[in-house]
Amino acid sequence: MAHSRTTRQISLLGTVAFMTLHAAGALAQSAAPGSVIVLDPVVIQGDATAARFRATPGGVALIDRSETPTAEEAAPTLSDALSGTPGVVVQEFFGGNDQPRIQIRGSGLQQNPTERGLLVLQDGMPVNRADGSYVVGLATPGPAEDIEVFRGAAANRLGANVLGGALNFISASGATTPGTRLSFGAGSFGRVDVAGSYGVVNEQGDALLRFEHSEKDGYRDYNSSRRSSVGGNATLQMGEATTRLFFSHTDLRFDVAGPLTWDAIRNNPTSNHTVGPGPNVLRDLPRRATTQTLAGARTTLEDGDNIYDLGFSLSRTDDSFRFPMSAGYRDTDGTDATLTARYSRMGEGELPLFETGLYWSVGEADRDYYHNLSGTRGPAFGHNRLRADTLSLFAGANLPLGGFTLSPSVAFNHANRENDDRWDAATRPTVAYNPANPGMPLPNGAVAAQDTSYDRSYSGFTPALALSWQPAEDQFAWISISRGFEPPTHDDLLGTVGGTPNSGPGRPNPADPGAPAAMFATPNLKAQTSTTLELGWRGRWQNLEWDATAYHSRIRNELLSLRDESGATLASVNADRTRHTGLELGLSGDLSDRLRGRLAWTWQDFRFDGDPVRGDNRIAGAPRHLITAALDWQASEQLTVGGTLHWIPDETPVDNMNTMFNDAYAVVDLGADYALNDRAVVFARVTNLFDERYAASTLVVDVATAGQAAFIPGEGRAIHVGTRLRF
């Protein structure tokens, strides 16, 4: 019955979207308030979008990919694309096309991999599944022309029921990149990249097809990765309406090289952990293989001061995650559909006088669990059908009051999470290896099968109020207070437990196959809620531009993910009270006619608040300072040379008990682009110039074990060269 209900919901979304799109035509790629993109003057429209961002009372940023250090590369990583954006913290996990930890204001901070806490959009439509989870490696920045960043409450209008906010990757179109473009690259550790696109445009519309492939052997012994992506879009303009259809298919595969001890970080960072507290990587061969096909359409229709926007997308995601033995295989195959609708009434300013919107996403997935026996599928021990739907209704205004603008808004959020446990046997099998001889299997066992089904609902309002003004010409300031609401995902609500580095779930003592034990945890979690005070000031004076935001959040029931000593997910818990405080500062300016500098400083202090066990400890995984400084020198009309410093100047807690810390580090990158002519550019990059040995990130655990493998090594010195051609 529930299965047919979800199918009917997806069919209803598709029918409503098709009828409306067929009647109106349509698209606005940008998710900025009141944004409309037309075929003809693209530069003018881009300036209008930038003006809307400058007038938004909240933490926002518009990243022009052509101005990033890796703009010419065929397949830049998320770290490449977002480096230098204040407030966005990207910590590399294994290098290449994997799953970096990305968080904004502590969103999903404790997850390894990050699968919650941000709404990730492609052309305004979600990469996330209906329960809010996502595979971060599916966000491919290479095809993006611009990246829009909405931090915190600035993303409420998009249906982002999360603490961190939203990222919107805006694809290039036939109008913005006509003709043929090809990019090639190669570099250290077996890196090979290739990408291409072909775009056409005329008065009635445009179309673009593109592809991207990147692969890498990796810095470490077991560390290969590969990502392939194809996609395209087509745009038709009919009067005041613009229609864009788009699709993409991404195939992502990578080895999970795993953490190391601190001693290995300093002395043998290319190795993989096998003995002692932590995963046995070379036996278990953890790996992830994910494919996602996303197709949709967005509609924008202008009628005087009225703007109507409708979007629909349908995605199919197949995800196979081979965790270390303690968690086993987790295969999740599902379909999700999303409908968005917005209405804006424009006034005299850059932002809508009034705006209202709807975000509705429904999805269903089959999830199967298998034991991991030396990197192969062992006995199955779980079969679940997961259903989710998330609804957000938003209304807001921007009301002129003399020299000020008052921006009240409110959103209503409702979410359902349903799990139907379809395991029909009386017991679930268990497996183990001999801890004294980790390659020798022990006799299989079994535990009683406990029903893991649940049906949870979450509802909440998220009001916000902002006051903004212009303290001087070319300056904008604001103060705001907002509520946040974030329901848990299925990954929070359903997790394997009872495993060890040498035994699968449900077997906490490898030597005792008959001991009764739990195999799954289904915590009855509450939705995470928060109250945030935010102040900001952005502007320009002579050659200097700045964007500064300070915030303080009081959070109830923060969703924290717990891990075992191998780093595999256990279960999530609600912390009682926590507080997140931070400062996000960006500075840029011309130091001379040929020299330009950029600085991004993110300061964050995330703590428990009077926790009975953890006191006021820092929440693990969050570096207190993250500084990125860059210089670009236009040596000649053809040659540009640049350098970037990535600096974390103090230690970062690995565990919530604050007993283990990651050291400070600084890494320097250098790069150069040379334009052979107006159709060809060659480039060269050197990352980690001084071959620093450091931990780029860590596992995040509640209580660390002495000598635990918890540190993820940063990549050693690497060289990358390539070219971009335009025809």
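Residues numbered from 1 in each chain as written. Predicted model: local features only at pLDDT ≥ 70, side-chain atom pairs only at ≥ 80, totals over all residues. Heavy atoms only, no water.

Caption draft 1: Examining the pairing of strand 14 (residues 306–322) more closely. Most of strand 14 is tucked away: 12 of the 17 residues are buried. Both strand 13 (residues 287–303) and strand 14 contribute to a ladder of 17 bridges, which runs antiparallel. Bridge assignment links Gly-296 to a residue of strand 14, and that residue is Ser-313. Connecting strand 13 to the next strand, strand 14, in antiparallel fashion are 2 residues, including Gly-304 with a positive phi near 65°. As judged from the 17 bridges shared by strand 14 and strand 15 (residues 329–346), these two strands associate in the antiparallel manner. Across the sheet, residue Phe-312 finds its bridge partner in strand 15, namely Leu-339. The turn joining strand 14 and strand 15, which pair antiparallel and follow one another in sequence, is formed by 6 residues; a positive phi near 80° is taken by Gly-328. (Buried < 20%, exposed > 50% of the residue type's maximum accessible area, 1.4 Å probe, protein only. Helix = DSSP H or I, 4+ residues; strand = E, 2+ residues; numbered from the N terminus. Pairing = 2+ DSSP bridges.)

Caption draft 2: Representation of the sheet that holds strand 5 (residues 125–126) within the structure. Spatial strand order, 1-6-7-4-5: 5 strands in an open sheet with mixed pairing. Bordering the open sheet on either side are strand 1 (59–64) and strand 5, each of which pairs with just one other strand.

Caption draft 3: Examining empty space enclosed by the protein more closely. In this structure the tally under the stated criterion is 15 cavities of 30 Å³ or more. For the largest cavity, the calculated volume is near 410 Å³. Lining the largest cavity are 28 residues, with Pro-57, Ala-153, Ala-154, Ser-407 and Ser-409 sitting closest to its centre. Mapped onto the lining of the largest cavity, the elements with two or more residues apiece are strand 16 (352–373), strand 17 (376–397), strand 19 (404–421), strand 25 (464–469) and strand 26 (475–486). Along the lines of polarity and charge, the residues of the lining of the largest cavity split into 16 nonpolar, 9 polar and 3 charged. The volume enclosed by the second largest cavity comes to roughly 210 Å³. As for the second largest cavity, its lining consists of 22 residues, and the residues nearest its centre are Arg-129, Asp-131, Ser-133, Thr-332 and Arg-367. Only strand 14, strand 15, strand 16, strand 17 and helix 6 (490–493) provide two or more residues apiece to the lining of the second largest cavity. Per-element accounting of the lining of the second largest cavity gives the leading share, 4 residues, to strand 16. When its residues are assigned to classes, the lining of the second largest cavity shows 6 nonpolar, 5 polar and 11 charged. (1 Å grid on protein atoms, 1.4 Å probe; cavity = no way out; pocket = protein on both sides within 12 Å on 5 of 7 lines; lining within 4 Å. Points joined across faces, edges and corners; volume = space filled by probe spheres on them. Nonpolar A, V, L, I, M, F, W, Y, C, P; charged D, E, K, R; others polar.)

Caption draft 4: Looking closely at the environment of Val-162. Here Val-162 is to be found in the loop between strand 6 (144–151) and strand 7 (165–171). Note: C-alpha distance between Val-162 and Asp-650 (488 residues apart in sequence) is 28 Å. In this view, Val-162 contacts Gly-117, Leu-118, Leu-119, Phe-485 and Glu-486; residues no more than four positions away in its chain are not counted. (Contact = heavy atoms within 4.5 Å.)

Caption draft 5: Spatial organisation of the pairing of strand 41 (residues 718–726). Summarising the sheet, strand 8 (residues 179–187) and strand 41 pair through 7 bridges and their orientation is antiparallel. Across the sheet, residue Gly-187 finds its bridge partner in strand 41, namely His-720.

Caption draft 6: Examining the pattern of salt bridges more closely. Using the criterion set out here, one finds 40 salt bridges in the structure. Residue Arg-288 is joined to Asp-319 by a salt bridge in which the shortest nitrogen-to-oxygen separation is 2.7 Å. With Arg-288 in strand 13 and Asp-319 in strand 14, this residue pair connects regions lying 31 residues apart in the sequence. The pair formed by Arg-288 and Asp-319 is uniform in burial state, with each residue classed as buried. Measuring nitrogen to oxygen at the nearest pair gives 3.8 Å for the salt bridge that ties Arg-540 to Glu-545. (Salt bridge = Lys/Arg side-chain N within 4 Å of Asp/Glu carboxyl O.)

Caption draft 7: How the structure looks around the packing of aromatic side chains. Under the definition given, this model contains 13 aromatic pairs. When the centroid spacing of 5.3 Å and the interplanar angle of 70° are considered together, the rings of Phe-189 and Tyr-219 count as edge-to-face. Here Phe-189 is found in the loop between strand 8 and strand 9 (191–201), whereas its partner Tyr-219 is found in the loop between strand 10 (205–216) and strand 11 (225–238), with 30 residues between them in sequence. Under the relative-accessibility criterion, Phe-189 is labelled partly exposed at 24%. For Tyr-219, a relative accessible area of 14% translates into the label buried. Every member of this aromatic cluster is reached through a ring pair, and the members are Tyr-369, Phe-381 and Phe-520. (Phe/Tyr/Trp six-rings, centres within 6.5 Å; stacked < 30°, edge-to-face > 60°.)

Caption draft 8: Structural view of the environment of Arg-288. A relative accessible area of 2% means that Arg-288 is categorised as buried. In sequence terms Arg-288 and Glu-355 are 67 residues apart; their C-alpha atoms lie 41 Å from each other. At 2.7 Å, the side chain of Arg-288 forms a polar contact with the side chain of Asp-319. (Polar contact = N/O pair within 3.5 Å; in protein donor to acceptor, adjacent residues only side chain to side chain.)

Caption draft 9: Structural view of a nonpolar patch on the surface. A surface patch of nonpolar side chains, about 400 Å² in accessible area, is lined by Leu-465, Ile-479, Ile-481, Leu-533 and Leu-535. Its location among the elements puts Ile-481 in strand 26. Take Ile-481: its relative accessible area is 45%, and that puts it in the partly exposed class. (Patch = residues over 30% accessible without salt bridge, like charges linked within 9 Å, V, L, I, M, F, W, Y side chains within 5 Å. Areas by Shrake-Rupley, 256 points an atom, 1.4 Å probe, with all protein chains shown as cover.)

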